[in-house]
Amino acid sequence: MMELRKTIAGRIALTATATVILLFLALPIVVILVTSFSDDAFAAFPPQAWTLNWYKALFADGSKWPAALSLSAFVACLSTLFSLIIGVTAATALTRSELPLRSAVYALVLGPLVIPQIVTALGLFLLFEPAAMLGSPIAIALGHTVLASPIAVLILIATLRGIDERLEDAAASMGAGRMTIARKITFPLAAPGMIAAAVFSFITSFDEFYISQFLSSVDTVTLPVQVYNSLTFDIDPSVTAVSAILIAFAILALGLVALVRWLGSGRQDSLLSVENTAGVAATGGESV
């Protein structure tokens with residue numbers, strides 16, 4: 001009985017400790033969200049009065065925020081596309097082929113994650129400056145891809161390793177080619193992981209500061225750089241509204257990833273069932 005009480009007490013203590021830690025980690029986010037509705041021009045907390053003026057100021061005439069937001073979204077979309085191409089290619093090579101020096105290739109692909117971002121940004125600046133590409137959205141997107149693609153590779157490697165290769169072997173035994181197997185089996189099963197890789201690549205690019213700071217120009221200012229400029233050279237309470245919008249976007253993106261993974265969790269199990277496996281064998285290679 002005493003052991004049971006100790007166990008229950010331990011669980012309660014662990015739950016309480018974890019709750020306190022999570023609340024402490026979430027406290028800055030809550031402060032930003034509440035402060036964004038403050039009427040104080042100096043973003044005081046707790047607010048003495050409530051207003052939506054800082055959200056309205058984001059889209060007022062002459063505001064720099066819409067241009068920075070659209071540029072960041074455009075760059076993030078390009079970076080996501082590049083990261084998915086690199087991620088699918090690298091993950092497939094690392095999980096589905098006898099690649100020579102696999103460990104070296106794996107370390108090379110994941111290298112940007114362990115290198116300080118400011119070092120990567122400086123190297124990209126020295127690379128693009130002689131080519132007169134500073135300020136180009138393409139150059140910024142390529143720079144963001146250096147950081148976003150390793151994340152995509154990690155997610156897609158875990159996704160492909162979680163797909164039962166017997167499905168691909170069964171399709172190959174029915175005469176299906178590599179492209180048919182990828183199009184009809186591998187990619188549909190890997191869709192949740194690909195969506196997750198796309199979401200995290202987009203967030204990584206959208207929030208990237210150092211590379212954007214080194215590669216941007218006066219006319220091409222991304223949202224993180226604009227936030228930095230507003231905090232450094234001016235006191236703009238609209239920054240709290242921008243931060244609140246970014247927090248809400250990140251929460252929605254993570255919710256989307258969780259929803260997609262939950263919806264796709266049963267697809268592989270259904271394909272591995274006896275009835276479906278027999279159906280694939282019966283229809284032959286064309287329908288695989």
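Residues numbered from 1 in each chain as written. Predicted model: local features only at pLDDT ≥ 70, side-chain atom pairs only at ≥ 80, totals over all residues. Heavy atoms only, no water.

Another aspect to go through is the environment of Val260. In this fold, Val260 is placed in helix 11 (residues 238–263). C-alpha separation for the pair Val260 and Ala191, spaced 69 residues apart in sequence, amounts to 8.6 Å. The residues contacting Val260, other than those within four sequence positions of it, are Pro192 and Ile195. (Helix = DSSP H or I, 4+ residues; strand = E, 2+ residues; numbered from the N terminus. Contact = heavy atoms within 4.5 Å.)

Time to look at unusual backbone geometry. Phi at Ala132 takes a positive value of approximately 55 degrees, unusual for a residue other than glycine. Secondary-structure assignment places Ala132 in the loop between helix 5 (117–128) and helix 6 (137–161).

Together, Leu113, Val114, Ile115, Ile118, Val119, Leu154 and Tyr210 line one region of the surface with nonpolar side chains, adding up to about 620 Å² of accessible area. One can find Leu154 in helix 6. A relative accessible area of 36% places Leu154 in the partly exposed class. (Patch = residues over 30% accessible without salt bridge, like charges linked within 9 Å, V, L, I, M, F, W, Y side chains within 5 Å. Areas by Shrake-Rupley, 256 points an atom, 1.4 Å probe, with all protein chains shown as cover. Salt bridge = Lys/Arg side-chain N within 4 Å of Asp/Glu carboxyl O. Buried < 20%, exposed > 50% of the residue type's maximum accessible area, 1.4 Å probe, protein only.)

Mapping Thr220 onto the fold places it in the loop between helix 9 (210–215) and helix 10 (223–233). According to the relative accessible area criterion, Thr220 is buried, its value standing at 11%. Within polar-contact distance, the side chain of Thr220 engages the backbone oxygen of Gly135 at 3.0 Å. When sequence neighbours within four positions are dropped, the list of residues in contact with Thr220 reads Leu71 and Gly135. (Polar contact = N/O pair within 3.5 Å; in protein donor to acceptor, adjacent residues only side chain to side chain.)

Okay, the packing of aromatic side chains next. With the rule as written, the count across this model stands at six aromatic pairs. The interplanar angle of 70 degrees and the centroid separation of 6.3 Å between the aromatic rings of Phe125 and Phe214 together place this pair among those described as edge-to-face. With a gap of 89 residues between them, Phe125 in helix 5 and Phe214 in helix 9 connect regions that are remote in the sequence. Note on Phe214: relative accessible area 26%, which makes it partly exposed. Plain terms: the ring middles of Phe206 and Phe249 are 5.8 Å apart, the flat faces sit at 40 degrees to each other, and that makes the pair tilted. Residue Phe206 is found in helix 8 (residues 178–206), and its partner Phe249 is found in helix 11; the two are separated by 43 residues along the sequence. For Phe206, a relative accessible area of 6% gives the class buried. Taking the relative accessible area as the measure of exposure, Phe249 reaches 35% and is therefore partly exposed. These aromatic residues form a ring-pair network of at least three members: Phe202, Phe206 and Phe249. (Phe/Tyr/Trp six-rings, centres within 6.5 Å; stacked < 30°, edge-to-face > 60°.)

A few words on the packing of helix 3 (residues 65–96) against helix 8. The relative placement of two packed helices is expressed as an angle between their axes plus a distance between the axes. In the contact formed by helix 3 and helix 8, the axes pass within 8 Å of each other and the chain directions differ by 140 degrees. When the axes of helix 3 and helix 8 are compared, the pair comes out oblique. Seen from above, helix 3 lies across helix 8 with right-handed handedness. Contact residues: Leu69, Ser72, Ala73, Val75, Ala76, Cys77, Ser79, Thr80, Ser83, Leu84 and Val88 in helix 3; Phe187, Met194, Ala197, Ala198, Ser201, Phe202, Ser205 and Phe206 in helix 8. Taken together, the residues that form the contact of helix 3 with helix 8 break down as 13 nonpolar, six polar and no charged. (Axes fitted to C-alpha atoms, helices over the stretch in contact; angles between N-to-C directions. Parallel < 35°, antiparallel > 145°, perpendicular 65-115°, else oblique. Left-handed = near helix turned anticlockwise from the far one by under 90°. Nonpolar A, V, L, I, M, F, W, Y, C, P; charged D, E, K, R; others polar.)

Our focus in this paragraph is the layout of surface pockets. In this structure, the largest pocket occupies an estimated 440 Å³ of space. Lining the largest pocket are 13 residues, with Thr92, Arg96, Glu168, Arg178 and Thr186 positioned closest to its centre. Mapped by element, the contributors of at least two residues to the lining of the largest pocket are helix 3, helix 7 (165–173) and helix 8. Ranked by residues supplied to the lining of the largest pocket, first place goes to helix 8 with six residues. Here the residues of the lining of the largest pocket are counted per class, giving six nonpolar, two polar and five charged. Quantified by volume, the second largest pocket comes out at close to 340 Å³. As for the second largest pocket, its lining consists of 18 residues, and the residues nearest its centre are Lys64, Trp65, Gln226, Asn229 and Ser230. Taken together, the elements giving at least two residues each to the lining of the second largest pocket come down to helix 3 and helix 10. (1 Å grid on protein atoms, 1.4 Å probe; cavity = no way out; pocket = protein on both sides within 12 Å on 5 of 7 lines; lining within 4 Å. Points joined across faces, edges and corners; volume = space filled by probe spheres on them.)

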